[in-house]
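Each chain is listed here by its residues.
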Amino acid sequence: MHAKYSGRIEFCGPYAMPRDYHWYRHLVNMEGKTVMVHWLYARYGEFNLSELKEVLRHLQGNLVYGEQLMLFPIAESRESFRYSDEWL
């Protein structure tokens, strides 16, 4: 993220984070808009659908602070990105 938006991104520090901003890892100012940032890890080679549902459950309440959510799936191998139909 920093490489792509270098010079145009500012992370909200721990003291500037709203107290009722829940679950997502970061709140950033990027190109004049506030964006929520979160990531999911593929544990044991696959992404957990219940973790995704939990992320999406917090979206509505956090929209007060950010205009959009950037969700980054992170895995060690490409095979982890073969999502089941349930994900769609």
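The rules behind each value
Residues numbered from 1 in each chain as written. Predicted model: local features only at pLDDT ≥ 70, side-chain atom pairs only at ≥ 80, totals over all residues. Heavy atoms only, no water. Helix = DSSP H or I, 4+ residues; strand = E, 2+ residues; numbered from the N terminus. Buried < 20%, exposed > 50% of the residue type's maximum accessible area, 1.4 Å probe, protein only. Contact = heavy atoms within 4.5 Å. Lys, Arg positive; Asp, Glu negative; His and termini not counted. Charge placed at Lys NZ, Arg CZ, Asp CG, Glu CD. Phe/Tyr/Trp six-rings, centres within 6.5 Å; stacked < 30°, edge-to-face > 60°. Pairing = 2+ DSSP bridges. Axes fitted to C-alpha atoms, helices over the stretch in contact; angles between N-to-C directions.

Trainee: What's the story with the overall build of the protein chain in this structure? I'm lost.
Mentor: Along its length, the protein chain carries 2 helices and 4 strands. In sequence order, the protein chain lays out its α and β elements as β-β-β-α-α-β. Across its three principal axes, the protein chain shows a C-alpha extent of roughly 35 × 30 × 20 Å. For the protein chain, with 88 residues in total, the buried portion stands at 25%. Of the contacts made within the protein chain by residues no fewer than 6 positions apart, 56% connect residues no fewer than 24 positions apart. Positive and negative side-chain charges in the protein chain, numbering 10 and 11 respectively, have mean positions lying 3 Å apart.

Trainee: I keep staring at the packing of aromatic side chains and nothing clicks. Help me out?
Mentor: Ring pairs (aromatic) are described by centroid distance and by the angle formed between their planes. Counted according to the given criterion, the structure contains 5 aromatic pairs. On the numbers, 6.3 Å between centres and 90° between planes, the contact of F81 with Y83 is edge-to-face. When its relative accessible area of 35% is taken as the criterion, Y83 is described as partly exposed. Here the aromatic cluster, defined as three or more aromatic residues joined through ring pairs, consists of Y21, Y24 and Y65.

Trainee: Looking at this structure, how should I read the sheet that holds strand β3 (residues 33-41)?
Mentor: What links the strands of a sheet is backbone hydrogen bonding, and the strands pair in either a parallel or an antiparallel sense. The strand order β1-β2-β3-β4 describes an open sheet built from 4 strands, whose pairing is mixed. Whereas interior strands pair on both sides, the edge strands pair on one side only; in this sheet they are β1 (9-11) and β4 (68-74). The average undirected angle you get between the axes of adjacent strands in this sheet is 30°. Two strands pair when backbone bridges link them, and β3 and β4 are joined in this way by 7 bridges, in the parallel orientation. Within β4, the residue paired with Y41 across the bridge is I74.

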